[in-house]
There are 2 protein chains.
Amino acid sequence: MQRYFVTNQQPADTVELPADISHHLVDVMRAKVGAKIEIVCADHQAYLATVISLQPAMVRVDQPLNKSVEMPVTVTIACGLPKTKEKPQLIVQKGTELGATRIVFFDCQRSISHWTSPRREKKLARLQKIANGAAEQSHRTVQPRVVYRDSWQDVLTDFPTDTAVVAWEESAKQGEVSRLQATLGKLKAGERLTAFFGPEGGLTSAEINAMNDQGVVSVGLGPRILRTETAPLYFLSAVSYQTELNG
Amino acid sequence: MQRYFVTNQQPADTVELPADISHHLVDVMRAKVGAKIEIVCADHQAYLATVISLQPAMVRVDQPLNKSVEMPVTVTIACGLPKTKEKPQLIVQKGTELGATRIVFFDCQRSISHWTSPRREKKLARLQKIANGAAEQSHRTVQPRVVYRDSWQDVLTDFPTDTAVVAWEESAKQGEVSRLQATLGKLKAGERLTAFFGPEGGLTSAEINAMNDQGVVSVGLGPRILRTETAPLYFLSAVSYQTELNG
């Protein structure tokens, strides 16, 4: 069923849909009066609703949908700026499907491209649109925020967290295999988790050491070398597997 | 370090590299005499090697590399034919990085595109090339085979397996959350695992029921709706997390 995010804090009995949603519902999806859709209000509550008019598009709110679709922990994915424009798009689309709460792109020592204004704001707006679409399609009740920060330090300062990890392939080389599981196994519902990932060339040892000094734990993601855009997807799947499918 | 797959069953002291690898190493990567590379022989053993001549490109084999990079179980990913050509490419590239042993595309009731000869052979050759490149880049010792079958029954017949599962989003709706973990937790090293995934519209109830009758277990992949190309990536990450990072 089609799902849309609306800005209403809480639904009234009827909700008039904003112009962009109305266009998608009526012109693209060709919905008729009587069609059922799902809306998510700004308080992250989803509702079943019935289309009652098309010009303007308006729905009657039928009942709340109480299936829980969000991770029990909030997960911030922080990625060193990748080189190409396709990789951030893939990270945002798939990261949203896989349950991320926030997706940060940060500049780091081996980042080849740098996001400067005003191009940066355009990029972020485009990526936010991808996140919003993916949130609708994967039937989430949260649209992850896509943001930029100048450094990993700014990520930690601006988004306080309970647990922070950094994906580091050398961990595997040192025979460390279980630190990810040990870390995820300790998470409690409602906690905040932040995970850092390097750009194509990886984070430098200096960056990893400085992160470790700030309490960020190095974790391996298995013995194979994952591309910069694949590592966050592995990580989010692992968090879901550990926290959502655990009996 | 650059890794290449060669067809030699076992390395002699020196190996002459085939023309395509030679071109990549010398013309693209601009390697010089003395450069270190890794080669993987047909028996899936990796070796450290040193470039000793460029025309023709030839290496001296220095020592075997004994780091284990393959999953302890062999995993066949079987995907209902997706609609677009980008999705199989993404599944093959990321599925290879994430450790799949074999990737099958099969025709099913809701597949919109059908792969007919001779276009099919061209598609498979292109996808195999993507798998081979991803295997090099992720430093695997196995290049997953990419194949096509007319039906899910043919997949089970042609590729015998110890455990078979099918990703089914209704599992989550029925409150089933832990069957994936129960199934993966029982796997033993050396066993074969096959996982089926639907195309964009999903598998039909009839297909799911018939699979269940054949012993294929329905498993949920968490509460969010994953796109057809995202579900296999979640699954492979979960298999790795369960079988490779488990202390």
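Presented here is an overview of the structure given in this document.

On to the overall build of chain A, then. A count of helical and extended segments in chain A gives 8 helices and 11 strands. Against the 2.2 N^0.38 benchmark of 18 Å for 247 residues, chain A shows a C-alpha radius of gyration of 20 Å, consistent with a compact globule. Overall size of chain A, expressed as C-alpha extent along the three principal axes, is 60 × 45 × 30 Å. Among the 247 residues that make up chain A, the fraction classed as buried is 55%. For chain A, the exposed surface amounts to about 10800 Å²; the carbon and sulfur share of it is 49%.

Moving on to the interface of chain A and chain B. Every contact between the two is made by 41 residues of chain A and, on the other side, 43 residues of chain B. Note on chain A versus chain B: buried area summed over both sides is about 3900 Å², and carbon and sulfur give 53% of it. Ionic pairing is found between E97(A) and R227(B), a salt bridge with its closest N-O pair at 3.2 Å. Taken together, the links from chain A to chain B amount to 25 residue pairs in polar contact (both at pLDDT 80 or more). Of all the secondary-structure elements, those providing two or more residues to the side of chain A that touches chain B are α2 (86–97), α3 (119–137), α6 (179–185) and α8 (231–244) of chain A. For the side of chain A that touches chain B, the element with the highest residue contribution is α8(A), accounting for 8 residues. For the side of chain A that touches chain B, the residue count by class is 16 nonpolar, 16 polar and 9 charged.

All names here are of chain B. Structurally, F196 is set in strand β10 (residues 192–197). The spacing of F196 and A46 is 150 residues in sequence and 31 Å in space, taken between C-alpha atoms. Apart from residues lying up to four places away in sequence, F196 is in contact with A78, F106, W152, V155, L156, V165, V166, A167, M211 and V216.

The subject of this paragraph is the pattern of salt bridges. Once their charged atoms are close, side chains differing in charge can pair, the charge on each being opposite to the other. Using the criterion set out here, one finds 24 salt bridges over all chains in the structure. Put simply, R224(A) and E244(B) hold a salt bridge, and the shortest N to O gap is 2.7 Å. Here R224(A) is found in the loop between β11 (217–219) and α8, whereas its partner E244(B) is found in helix α8 (residues 231–244) on a different chain. Of the two residues examined, R224(A) and E244(B), each falls in the buried class. Residues joined by salt bridges that share partners form a network here, namely K87(A), E200(A), R227(A), E229(A), K94(B) and E97(B).

Here is what the cut-offs are and how they apply
Residues numbered from 1 in each chain as written. Chains lettered and ligands numbered in written order. Predicted model: local features only at pLDDT ≥ 70, side-chain atom pairs only at ≥ 80, totals over all residues. Heavy atoms only, no water. Helix = DSSP H or I, 4+ residues; strand = E, 2+ residues; numbered from the N terminus. Rg over C-alpha atoms; globule rule 2.2 N^0.38 Å. Buried < 20%, exposed > 50% of the residue type's maximum accessible area, 1.4 Å probe, protein only. Areas by Shrake-Rupley, 256 points an atom, 1.4 Å probe, with all protein chains shown as cover. Contact = heavy atoms within 4.5 Å. Buried area = accessible area lost by both parts, 1.4 Å probe. Salt bridge = Lys/Arg side-chain N within 4 Å of Asp/Glu carboxyl O. Polar contact = N/O pair within 3.5 Å; in protein donor to acceptor, adjacent residues only side chain to side chain. Nonpolar A, V, L, I, M, F, W, Y, C, P; charged D, E, K, R; others polar.

Interpretation note: all reported values are geometric properties and have no functional meaning in isolation.
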